[in-house]
Amino acid sequence: MFKELKMISLKTNLITFILLFAVGCVGLWAEWKTIRTVVGGTSDLDELTADQIHDAMYVEGTVWGIYDAYANTTKGTDLVSQEYIIPVGENEYMGMVVKPKYIDQCDALMDETWAYLFDEVDTITGQFRVKGTILSMSDDSWRYFREVLKEDGMEDMDLALRYYLVVDQYGGAETGEQIIAIAVWLILWGIAFWTLISALTGRYQKDLKKYCEETGAESKVEQFYRNTAPIHNLRLSRDYILGTGEKTCFLPSDDLLWAYTYIEKRKKYGVITVSKHVSIKFCSKDGTQRQHPVGSEEQGKQILEQIQTVLPWVIVGYSDELAKTYRSDRQSMIKAVEERKLQSDSAFGL
């Protein structure tokens, strides 16, 4: 019986595992640049040579000069970023992308760099400390970058590297955002494997296992399982209730106090229902609540009708008053149900 129940859980949860695992894989693949950045650690921008520079490299260092600006990005009338040409390695050049808050500092360093190149000052005193990720240039940036270098008189275009340093960025997006995204995808992976392992190890049958171990009634439960026809994957008798699916829902019938159809709706914008999950909620005398999923409200209605037939003493159907009583005065419900059970037992000569 346990092996069979475990296989049912495994088959049902396998779809969940595959879905979560696949979504996690897609998400992690999308964050590959950030993962590569994390694995690569932090490099010193000042010590890099041209052949050491690669995509998704996280660096920290000082920009000692800025030769020119070659592009900017706007959104409507708002400036989003500015791109500059900076020296790197021995004699090479690459781009640098900064947010508007750094533009004044970069423009000042660019003016000072030109003053130094034309011998107007003896040294460049301005410095721009940066942290960010080196990424491959977009096609547009690469074209503008080369055009400005040619306009500035560069003859050896082999010194132009198709990379730019995106300041305050970690991997493929703003610093920290991608780390959170990676954590989310890894959590999805964790849930996927937890689901699979729980199904393989029989964790979803723990209530049934505990009951059989404490009462020694495994053979009796097994006989009930084999001899009782299910209704929408739920078996019930005057002795036991057992539902199969992702998780095995089990409780002795004497423990059941109240049962009703539970509908969970998820809405978009608080108005549009995007999904609906229907289940039968079993409320025990000790306050424990268990759920058995069903395919529709009609199936839920059929199960409740079966409960009323097999366990006529159990309270069936939902009302706010019953919910309030179950929370605050469960003993009165227990007393009423036990009296109804005595009457039922007498009618059956039990």
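Just so it is clear, the model here is predicted, and its values are computed rather than measured.

## Section: the pairing of strand 5 (residues 92–98)
Burial within strand 5 is extensive, with seven of its seven residues counted as buried. Of the pairings in the sheet, the one linking strand 4 (residues 78–88) to strand 5 comprises seven bridges and is antiparallel in character. Bridge pairing in strand 5 places Ile 86 opposite Met 94. Where strand 4 folds back onto strand 5 in an antiparallel hairpin, the turn is made up of three residues, including Gly 89, whose phi is positive at roughly 65°. Direction of pairing for strand 5 relative to strand 7 (residues 160–167): parallel, over a ladder of four bridges. The residue of strand 7 that forms the bridge with Met 96 is Leu 165.

## A look at the pattern of salt bridges
If you walk through the whole model with that rule in mind, you get eight salt bridges. The partner of Asp 168 in a salt bridge is Lys 101, and the shortest N-O contact between them spans 4.0 Å. Linking Asp 168 in the loop between strand 7 and strand 8 (169–170) with Lys 101 in the loop between strand 5 and helix 3 (103–117), this pair joins segments that are 67 residues apart in sequence. With a relative accessible area of 59%, Lys 101 lands in the exposed category. With a shortest N-O distance of 2.4 Å, Arg 162 and Asp 139 are connected by a salt bridge. In this pair, Arg 162 is assigned in strand 7 and Asp 139 in helix 4 (residues 139–151), connecting sequence segments 23 residues apart. With a relative accessible area of 31%, Arg 162 lands in the partly exposed category.

## Some points on the sheet that holds strand 1 (residues 42–44)
As a general point, the strands of a sheet are linked pairwise by backbone hydrogen bonds and lie either parallel or antiparallel. Read across the open sheet, the seven strands follow the order 1-2-6-7-5-4-3; overall the sheet is mixed. Two strands bound the open sheet, and with one partner strand each, they are strand 1 and strand 3 (68–75). Strand after strand, the sheet turns through a mean of 35° between neighbouring axes, direction not considered. Examined bridge by bridge, strand 2 (residues 57–63) and strand 6 (residues 128–136) share seven bridges and lie antiparallel to one another. Residue pairing across strands places Tyr 58 opposite Thr 133, the latter belonging to strand 6. Here helix 3 sits on the sheet and contacts strand 2, strand 3, strand 4, strand 5 and strand 6; the angle it forms with strand 4, its principal contact strand, is near 35°. Against the sheet, helix 4 engages strand 3, strand 4, strand 5 and strand 7, with an angle of about 115° to strand 7.

## Quick notes on a nonpolar patch on the surface
Residues Trp 114, Tyr 116, Leu 117, Phe 118 and Val 121 make up a contiguous nonpolar surface patch of about 460 Å² in total accessible area. Inspection of the secondary structure puts Leu 117 in helix 3. The exposure class of Leu 117 is partly exposed, given its relative accessible area of 44%.

## Thoughts on the layout of surface pockets
If you roll a probe as big as a water molecule over the atoms, it shows you where there is empty space left. In this structure, the largest pocket encloses a volume near 810 Å³. Looking at the lining of the largest pocket, the elements that each hand over two or more residues are helix 6 (206–215), strand 12 (249–252), strand 13 (256–268), strand 14 (272–284) and strand 15 (289–294). For the lining of the largest pocket, the element with the highest residue contribution is strand 15, accounting for six residues. Tallied by class, residues from the lining of the largest pocket come to seven nonpolar, ten polar and nine charged.

## Observations concerning the confidence of the model for the chain
The predicted model of the chain has a mean per-residue pLDDT of 85, with 88% of residues at 70 or higher. The weakest mean pLDDT in the chain belongs to strand 9 (residues 173–174) at 50; the strongest belongs to strand 5 at 95.

Conventions and cut-offs
Residues numbered from 1 in each chain as written. Predicted model: local features only at pLDDT ≥ 70, side-chain atom pairs only at ≥ 80, totals over all residues. Heavy atoms only, no water. Buried < 20%, exposed > 50% of the residue type's maximum accessible area, 1.4 Å probe, protein only. Helix = DSSP H or I, 4+ residues; strand = E, 2+ residues; numbered from the N terminus. Pairing = 2+ DSSP bridges. Salt bridge = Lys/Arg side-chain N within 4 Å of Asp/Glu carboxyl O. Axes fitted to C-alpha atoms, helices over the stretch in contact; angles between N-to-C directions. Contact = heavy atoms within 4.5 Å. Patch = residues over 30% accessible without salt bridge, like charges linked within 9 Å, V, L, I, M, F, W, Y side chains within 5 Å. Areas by Shrake-Rupley, 256 points an atom, 1.4 Å probe, with all protein chains shown as cover. 1 Å grid on protein atoms, 1.4 Å probe; cavity = no way out; pocket = protein on both sides within 12 Å on 5 of 7 lines; lining within 4 Å. Points joined across faces, edges and corners; volume = space filled by probe spheres on them. Nonpolar A, V, L, I, M, F, W, Y, C, P; charged D, E, K, R; others polar. pLDDT = per-residue confidence, 0-100.

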